[in-house]
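# Understanding the architecture of this molecule
Letter by letter, the chains look like this.
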Amino acid sequence: MDLITIIAEKMVFGGNSIGKFEGKTVFIPYAVPGEKLEVRIVSESSKKDYDIAEIVNIVEKSDKRVVPECRYYGICGGCNMMHIAEDEQKKIRKEMLIELFANNGISLNGEEVKVLSGKSTGYRARFQLNNGGLCEKKGNKVVDIKKCLCAENPVNEYLSKNEINSRPKGRVQLFGSEKLVSENDKVIIASNEERKTAPAIVGKKNKKLKIKQNHYFSGTIESPENTACVELDGEKIWFDVRGFFQSNLEVFEKTGQLIREQLGSGKNVLDMYAGCGSISVFLSKSFENITLVEHNRDALVFAEKNLAGKKHISYGLSGETWANTCSTQVTFDAAVIDPPRSGMEKAVLEYLKTSDIPVLACLSCDPATQARDVSFLTKHGYKITGTWLLDFYPNTSHIESLVILRK
């Protein structure tokens, strides 16, 4: 197809810049907003209202364009913003966040949206390796990574000392950090083998609710070889590397401290979608009692370990089930809600609407669903008093965010 000349107008959620050609939207990977480009359409469909193009020539280059330092940039499926200056990256990610909220009828003051960030390289502790390497951007080919600019030093030491053929086969989880509580190895590698399930611990059940609460749930038997412990904010946090845990420990520690600061102190706090209780560990310094709700009972096994000695109650339930059956038992002074990408369940939103919890800390790894949920809550008495872009993944278009809501 013939080349076309186009101006990249802005970058949208997902990391592609967009421009217009003959009235049709064109997505342009690796463009910088404001650039004039010669591009070739590589994906065209008369049934869709957009095309996808690749850059052939940069006619007018942005002064925000930089040469990526990574030798694998554009090859592996990781970073997609390393060709943009660091400060401009943050500005663009903040603009994406503001636009997503605007699409849901919420006008955020750009000057009031703060950016919580850390190092732009050497920050990432968690990786998924496939046959020893990382998957390429397009296709299933494995890229042999010798050094990742985004990785923490222990990860790169492992990659440099172990040839790809000597690394574990199949899909494995790698976690490496200086913050690992270990005298020796700072890297843990775990395969995704099936986990062994422990029976539910028997105790006094709440006959009225007929729901297994606190210790009344089954979970995995802890595997020492797959168990990691990091020290953050002066506290030890345990988790299984085969489950989810934040990759950027520096920004996560700052986030936990920020949430504690924003929520203040009190008697009862709710940690909805609590995972292994990592946020609850931060809140345990400010609240007397913690209620954790998490459907993944494997994660709750570690939450119990992380909150040992602290007054708490854990529910191995979905947010919907808890909201419909258990939510009337305690009056909360504050709540943290950190849902999956799909956002808060309808029952959870309905509960929050009528709960009169004075302050909510709403975390999200998908600002599009967060904007939808926050829009609902602002229509039912809550007001936004703080918004942060949580810059967990520099050099990428991935956005995580925190919104503080108060009644």
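The rules behind each value
- By convention here, each chain's residues receive numbers from 1 onward along its written sequence.
- With pLDDT at 70 or above as the cut-off, local features in this predicted model cover only qualifying residues; side-chain atom pairs require 80 or more to be listed or tallied, and sums for whole chains, interfaces and linings still use all residues.
- To get the side-chain values, all heavy atoms of the structure are used, and hydrogens and water are removed first.
- Put simply, DSSP H or I for four residues or longer makes a helix, DSSP E for two residues or longer makes a strand, and each gets a number counted from the N terminus.
- Every radius of gyration here is taken over C-alpha atoms, with the globule rule written as 2.2 Å times N^0.38, N being the number of residues.
- Only protein chains enter the area calculation, which uses a 1.4 Å probe; residues under 20% of their type maximum are buried, those over 50% are exposed, and those in between are partly exposed.
- Any pair of residues with heavy atoms lying within 4.5 Å of one another is described as a contacting pair.
- Surface accessibility in these figures is a Shrake-Rupley result with a 1.4 Å probe; residues are shielded only by whichever protein chains are displayed.
- In this charge count, Lys and Arg are treated as positive and Asp and Glu as negative; neither His nor the chain ends contribute.
- Here the site of a charge means atom NZ of a Lys, CZ of an Arg, CG of an Asp or CD of a Glu.
- For cavity detection a 1 Å grid was placed over the protein atoms alone, and a set of points counts as a cavity when a 1.4 Å probe fits there but cannot get out; an open set counts as a pocket when protein lies on both sides within 12 Å along at least five of seven lines, with lining residues being those that have an atom within 4 Å of a point.
- Grid points are joined across faces, edges and corners, and a volume is the space filled by probe spheres set on the points.
- Ring pairs shown here join Phe, Tyr and Trp side chains whose ring centres sit within 6.5 Å, with only the six-membered ring taken for Trp; geometry is labelled stacked below 30 degrees between planes, edge-to-face above 60, and tilted in between.
- A ring is scored as having a charge over it whenever the NZ atom of a lysine or the CZ atom of an arginine sits within 6 Å of its centre and within 35 degrees of its normal.
- The pairing criterion is simple: DSSP has to find at least two bridges between the two strands.
- To obtain each axis, a line is fitted to C-alpha atoms, and for helices this fit is confined to the stretch in contact; angles are then taken between N-to-C directions over 0 to 180 degrees.
- Orientation labels follow simple angle bins: below 35 degrees gives roughly parallel, above 145 gives roughly antiparallel, 65 to 115 gives roughly perpendicular, and whatever is left gives oblique.
- Crossing handedness: left-handed means the near helix sits turned counterclockwise from the far one by under a right angle, and right-handed means the same turn made clockwise.
- Gly is placed with the polar residues, together with every amino acid not listed as nonpolar (Ala, Val, Leu, Ile, Met, Phe, Trp, Tyr, Cys and Pro) or charged (Asp, Glu, Lys and Arg).
- Identification of polar contacts relies on pairs of N or O atoms within 3.5 Å, with a donor-acceptor requirement for protein atoms, meaning one able to donate a hydrogen and the other able to accept it, and with residues adjacent in sequence counted only if both atoms are side-chain atoms.
- Residue types Ala, Val, Leu, Ile, Met, Phe, Trp, Tyr and Cys, when buried and joined through side-chain atoms within 4.5 Å, form a set referred to as a nonpolar core.

On to the overall build of the chain. On a plain count of helices and strands, the chain comes out with 8 helices and 23 strands. Taking 407 residues into account, the globule formula puts the C-alpha radius of gyration at 22 Å, and the chain, at 23 Å, falls close to it. Projecting the C-alpha coordinates of the chain onto the three principal axes gives extents of approximately 75 × 55 × 40 Å. Here the chain, with 407 residues, has 52% of them falling under the buried criterion. If you take every contact in the chain between residues at least 6 apart in sequence, the share linking residues at least 24 apart comes to 62%. Roughly 19,400 Å² of accessible area belongs to the chain as shown, and the carbon and sulfur atoms make up 47% of that amount. In the chain, 56 positive and 53 negative side-chain charges are present, and the distance between their average locations comes to 5 Å.

Quick look at the layout of surface pockets now. For the second largest pocket, the calculated volume is near 300 Å³. What lines the second largest pocket is a set of 15 residues, among which Pro29, Tyr30, Ala53, Lys137 and Lys138 lie closest to the centre. In terms of residue count, strand β6 (residues 50-60) provides more of the lining of the second largest pocket than any other element does, 4 residues in total.

Okay, the packing of aromatic side chains next. Scanning the entire structure with this criterion turns up 10 aromatic pairs. Taking the centre distance of 5.3 Å and the plane angle of 80° together, the rings of Phe27 and Tyr50 count as edge-to-face. Of this pair, Phe27 sits in strand β4 (residues 24-28) while Tyr50 sits in strand β6, and the two are 23 residues apart along the sequence. Each ring, one from Trp322 and one from Tyr351, has its centre 5.2 Å from the other, and the planes form 85°; the classification is edge-to-face. Of the two residues, Trp322 sits in helix α6 (residues 319-325) while Tyr351 sits in helix α7 (residues 346-355), which places them 29 residues apart along the sequence. On the accessibility criterion, Trp322 (1% relative accessible area) is buried. A network of ring pairs unites the aromatic residues Phe175, Phe239, Phe245, Phe252 and Phe282 as a single cluster. The ring of Phe127 carries Arg124 above its face, with NZ or CZ at 5.2 Å from the centroid. Across from the ring centre of Trp238, 4.0 Å away, lies the NZ or CZ of Lys305, which sits over that ring.

What follows covers the sheet that holds strand β21 (residues 359-364). Across the sheet, 8 strands lie side by side as β7-β22-β23-β21-β20-β17-β18-β19; this open sheet has mixed pairing. Because the sheet does not close on itself, it has two edges, and the strands there are β7 (113-116) and β19 (312-315). With strand direction ignored, the average angle separating the axes of adjacent strands in the sheet is 15°. The sheet strands contacting helix α1 (residues 86-102) are β7, β22 (383-390) and β23 (400-406), and the helix crosses β22 at an angle near 145°.

Put simply, α1 and helix α8 (residues 367-378) touch, their axes get as near as 8 Å, and they point 40° apart. Relative to α8, α1 is oriented oblique. At the point where α1 passes α8, the crossing takes the right-handed sense. Between α1 and α8, the contacting residues are Leu97, Leu100 and Phe101 on the first element and Pro367, Ala368, Gln370, Ala371 and Val374 on the second.

Before going further, it helps to spend a moment on empty space enclosed by the protein. In this structure the tally under the stated criterion is 2 cavities of 30 Å³ or more. When its volume is computed, the largest cavity comes out at roughly 50 Å³. Contributions of two or more residues to the lining of the largest cavity are made by β8 (126-130) and α2 (153-161). For the lining of the largest cavity, the per-class residue count stands at 7 nonpolar, no polar and no charged.

Further remarks concern helix α5 (residues 297-306). Within α5, the full set of buried residues consists of Ala299, Leu300, Phe302, Ala303, Glu304 and Asn306. The opening residue of α5, the one whose side-chain oxygen lies 2.9 Å from the backbone nitrogen of Asp298, is Asn296.

Moving on, we get to the environment of Tyr123. One can find Tyr123 in the loop between β7 and β8. In the structure, Tyr123 is positioned 112 residues away from Glu235 in sequence and 20 Å away in space, judged by C-alpha atoms.

For Asp233, which is not glycine, the phi torsion reads 55° and is therefore positive. Relative to the helices and strands, Asp233 is located in the loop between β15 (227-232) and β16 (235-240). Here the phi dihedral of Tyr273 falls at roughly 60°; this positive angle occurs in a residue that is not glycine. Within the secondary structure layout, Tyr273 lies in the loop between β17 (266-272) and α4 (278-283).

Formed by 65 residues in total, the largest nonpolar core has its most connected members in Phe175, Val230, Phe245, Ile259, Leu263 and Leu402. Considering every element that reaches this core, the biggest residue donor is helix α3 (residues 249-263), with 6 residues. Apart from residues no more than four positions distant in its own chain, Phe245 is found in contact with Arg126, Phe175, Val230, Ile237, Phe239, Phe252, Cys276 and Ser278. Formed by 40 residues, the second largest nonpolar core is a distinct cluster that contains Met96, Ile106, Phe332 and Leu352.

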